[in-house]
Each structure stands twice: as C-alpha cells, then as structure tokens.
Number of protein chains: 2
Amino acid sequence: MAIAVKAVSFALVAQVLGIAAIVMVLIWTISFRGGLAWEASNKNLIFNLHPVLILIGLIVLGGEGIMTYKVLPLRKEAKKLIHLVLNAIALILGVIGIYAAFKYHNESNIPNLYSLHSWLGIGIIVLFGIQWIYGFLVFFYPGGTSEIRRESLPWHVLLGMFVYILAIANAALGLLEKLTFLENGGLGKYGAEAFLVNFTAIITVLFGAFVIFTVLSEPVTVEDDYSYSAI
Amino acid sequence: MAIAVKAVSFALVAQVLGIAAIVMVLIWTISFRGGLAWEASNKNLIFNLHPVLILIGLIVLGGEGIMTYKVLPLRKEAKKLIHLVLNAIALILGVIGIYAAFKYHNESNIPNLYSLHSWLGIGIIVLFGIQWIYGFLVFFYPGGTSEIRRESLPWHVLLGMFVYILAIANAALGLLEKLTFLENGGLGKYGAEAFLVNFTAIITVLFGAFVIFTVLSEPVTVEDDYSYSAI
C-alpha cells in the first residue's frame, strides 16, 4: 500500500514531537519531582529514572530505529545496521528503566507486578527482545536463507509495529497510573503538574502515531531500495 | 502490502476475543460491581454502564465494522452498508457510554475531564464522528467525485485505524484508572477482581490487535473487490 505522502514528512514531524516529549518528561521528573538518582534516600528519585529511560529509550530511540529504515537516504545495509543499533540501545535503556521501577518498589516496600502497566511492560520488553534477536539472527548475522527472509520480513514488520504500539499505549498507561497515585495523595487534578503529565502522554501518543504513519507511507528510494517491500 | 495470511483467519480469532471481552466486562460490572442502571441511588451502577457500552459499542461493534469490510464475501456496496451501520451503532453506544460517565460524575460530585482517559476519550469520539460523517458523505451519499474517493480512501483507512487503536488504548487506560481507584479504596491488588479487570484489558488489546491484523492481511476476493485497494 503506502499512503501518498513521503515518509520523510511524517518523520520530520515525529522529530519535533519526540524532542518535546523528552523535554516534558525531564521537566516533570527534575523540576516537579526532585530529580534523578540511582541511589538515594528519597526513593522517588529512583522511580523518576523509569519514565525518563523508557521514554528516551524504548519510545523515542525505538521509534527512530523504526523510522530510519524508512527515511534515511542510505543503502540497505547501512540502514539495517542503524536500525539494529538504535533498537539495541532502546532495548537496553528499556531494561534498565524497568529495573529502576523494580528497584524503587523493592526499596520502598511497594508490591511488584500487580498492575496492568507492569504486566504489559514485561510482555512488551520480552517481545521486543525476541524481535531484536530474531532480526539479528535472520537479517544480519549469520542470516537466514533468502526464503526465510522473504517470508518472515512482513511478520517482523507487523510484530514490530504491534510491540511498538503496545509500548506507546503502555507509556500512556504508566503516566496515567503515576498521576492517579499522585492525585490520590493530594496533587491538584487541574494543576500545572497534572496538565504537564497528561500532555506528555498525548505528545508521546502523537509521536507514536507519526512513527507508524512513517512506516505506512512512501519510502525514500535509493538504488537497491525496492528490495525492501514489506509494507 | 497485505501479509500472507487470509484476513478471515485473523477475524475468526477476533470473534472469540471480542465475545470473551464482553463476557468479562459483564461479569465484572454485574457480579463484582452490583449491576447496571441508568437511574439508581447507588451511583456506581450508573458508572458501570460506561465500560459495558464502550466495550460492546465502540470497541467490539466498531471492530466488527472495520473487519466486515475486509472479510465478508459480499459485494462492495453491501459491505459498505454494513460498515456504515455497524460504525453508526458503535458511535451511538460510545456517545451514550460517555454520557453515562458524565452522569455518574455529576450525580456523585466527582470532577469531570481532568484525566488523560477522559481527554483522549473526547478526542476519540469526536474523530470517530468526523470519520463517520466524512465516510457517509463521500463514500455513501451523496458521494464525492471518483477522484476525491480515490485520493481520500487511504486516509480514511489510516485515520480509522489510528482512531481505533487510540480507542483500544484508551479502554485499557480506563480499566487501569478505575482499578487503581478501587485498589486505593482497599481492593486487593492480587485478588480475583483485580485479575479479572486486568485480563479484560489484555483481551481487549488482543482483540484490537487482531482487528488491525485483519485490515493488514489478504482480503477475501469477490468479483468487484479489486476496486478496494486502500491497503
């Protein structure tokens, strides 16, 4: 298919949204919530690492990893390497971000893994990891047969989009969950911080939408690019 | 594009998931939360209409409205009419479901429209309404020129998928938000009700995924069906 707009237009809008989302989550965690720390007597600073690492890693770098394959005016092998590396960084930051949430819970005597956000989060990071390993082995090194590559590429794209959309939705779930806790603790429902967190979620959702629009739109075409026709 | 699986296979799995999600939300609202009512001194019964109407209407009937266009072995005009009618019912139930949430808030002195769930919900119903009206005017009656139809069909499909994915994500947000309120009020974090609500959300997300997979997979082909090539 491919909608009749150049992927690069969507990708450019996504850059602005991605930067905005990162700035917003940093303002929230640093200016409103006291900052970031791996070790601290104020355990909230450990928690703060969780949204920051997930948003910068899994969401924004993961989104860039998806878009670069579509929009960079490079040869396929170069784009594949960039795709692989960006998604590896996204995955690593995602794992550290999840670990930060467990660390915060454990040091604050908060139970683990009871919420929908946590369940989906574990599912997403596992699927993301499987996607990455499959992609590495089949499309990079040692590489599958051309039949396996051809047959599984659309599934790699489809599962990748599915996991990515789930990650975006789960980021919104996490922001809403945290804000609900804070509001139950007395934070103003219509105050500046509540608006900041809600708009961070909305900008994140829009970023995710533009990443997916980029995938679904017309690719940048370079010499060997027609061989990439998964979507 | 189209992944190499018949759309009907995905649509069949979706039917099972859709029925399961409806059964689960009914068990939750009726057996665990006291039932459904439009007028009641126990205002919670009014609230209970909200997840039930949204899930049956916007999510499941909306999903069926999307899938029928792809999988029913009928002529295009018949499928279009079914698509139009199912989405009209989905939209109407969605509006009534949203109204029930406002009614519950107003009669219980709970503030309106402060949460991410409520903001996204308003955005989704407005976009859904715009999609429906545009679809009606351009593709049904009086109908746009063939150029307008051809140019805008991919956008109709894309915006429709976007709004639908947002609706699925927002259903998960709503279930998590309500459960968080209940858990803050003392409900067991690892109890039967918490698991039921979380699994309702997961089944809903999987239903939504299979609806989207249906759209992205190989259509059922009938005589004039090749004219539908938006995706």
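Remember, it's a predicted structure, so these values are computed and weren't measured experimentally. (Residues numbered from 1 in each chain as written. Chains lettered and ligands numbered in written order. Predicted model: local features only at pLDDT ≥ 70, side-chain atom pairs only at ≥ 80, totals over all residues. Heavy atoms only, no water.)

J.: So what's going on with the packing of helix α5 (residues 146-184) of chain B against helix α6 (residues 192-216) of chain B? Residues and values would help.
T.: Packing of α5 of chain B against α6 of chain B leaves a shortest axis separation of 10 Å and a crossing angle of 175°. The angle between α5 of chain B and α6 of chain B falls in the class roughly antiparallel. (Axes fitted to C-alpha atoms, helices over the stretch in contact; angles between N-to-C directions. Helix = DSSP H or I, 4+ residues; strand = E, 2+ residues; numbered from the N terminus. Parallel < 35°, antiparallel > 145°, perpendicular 65-115°, else oblique.)

J.: Account for empty space enclosed by the protein, with residues named and values stated.
T.: Over the atoms a probe the size of a water molecule is rolled, and this reveals where empty space is left. Scanning the entire structure with this criterion turns up three cavities of 30 Å³ or more. Each pocket or cavity is described by its volume, and for the largest cavity that value is around 560 Å³. As for the largest cavity, its lining consists of 32 residues, of which Ile165 and Ile212 of chain A together with Met161, Ile165 and Leu166 of chain B are closest to the centre. Of all the secondary structure elements, the ones that give two or more residues to the lining of the largest cavity are α5 (146-184) and α6 (192-216) of chain A together with α5 and α6 of chain B. Of the residues in the lining of the largest cavity, the class split is 30 nonpolar, two polar and no charged. Considered as a void within the structure, the second largest cavity measures approximately 50 Å³ in volume. What lines the second largest cavity is Tyr114, Ser115, Leu116 and Glu177 of chain A together with Leu176, Leu179, Thr180, Glu183 and Asn198 of chain B. (1 Å grid on protein atoms, 1.4 Å probe; cavity = no way out; pocket = protein on both sides within 12 Å on 5 of 7 lines; lining within 4 Å. Points joined across faces, edges and corners; volume = space filled by probe spheres on them. Nonpolar A, V, L, I, M, F, W, Y, C, P; charged D, E, K, R; others polar.)

J.: Tell me about the pattern of salt bridges, and name the residues and values.
T.: Throughout the structure, instances matching the rule amount to 10 salt bridges over all chains. Glu107 of chain A is the salt-bridge partner of Lys43 of chain A, the closest N and O atoms lying 2.9 Å from each other. You can see Lys43 of chain A sitting in the loop between α1 (7-32) and α2 (44-71) and its partner Glu107 of chain A sitting in helix α3 (residues 76-108), a full 64 residues away along the chain. Accessibility expressed as a relative area gives 31% for Glu107 of chain A, which makes it partly exposed. One salt bridge in this structure joins Glu77 of chain B and Lys80 of chain B, with 4.0 Å as the shortest N-O distance. Residue Glu77 of chain B and its partner Lys80 of chain B are located together in helix α3 (residues 76-107), separated by three residues, close to a single helical turn. (Salt bridge = Lys/Arg side-chain N within 4 Å of Asp/Glu carboxyl O. Buried < 20%, exposed > 50% of the residue type's maximum accessible area, 1.4 Å probe, protein only.)

J.: Just give me the short version of the nonpolar core, but keep the residues and values in it.
T.: Ranked by size, the top nonpolar core spans 124 residues in total, and within it Ile59 and Phe207 of chain A together with Ile59 and Phe207 of chain B carry the most contacts. In this view, Phe207 of chain B contacts Ala14, Leu17, Gly18, Ile59, Val60, Gly63, Glu64, Met67 and Tyr164 of chain B; residues no more than four positions away in its chain are not counted. (Core = buried A, V, L, I, M, F, W, Y, C linked by side-chain atoms within 4.5 Å. Contact = heavy atoms within 4.5 Å.)

J.: Now, about the interface of chain B and chain A: what can you tell me, with residues and values included?
T.: On the side of chain A, 43 residues touch chain B, which itself brings 43 residues to the contact. Of the roughly 3,700 Å² buried between chain B and chain A on both sides combined, carbon and sulfur atoms contribute 83%. On inspection of chain B and its partner chain A, the count reaches zero salt bridges. Inspection of the region where chain B meets chain A yields four residue pairs in polar contact (both at pLDDT 80 or more). Where the side of chain B that touches chain A is concerned, the elements lending two or more residues are β1 (3-6), α4 (116-140), α5 and α6 of chain B. With 16 residues, α5 of chain B is the largest single contributor of residues to the side of chain B that touches chain A. Of the residues in the side of chain B that touches chain A, the class split is 34 nonpolar, six polar and three charged. (Buried area = accessible area lost by both parts, 1.4 Å probe. Polar contact = N/O pair within 3.5 Å; in protein donor to acceptor, adjacent residues only side chain to side chain.)

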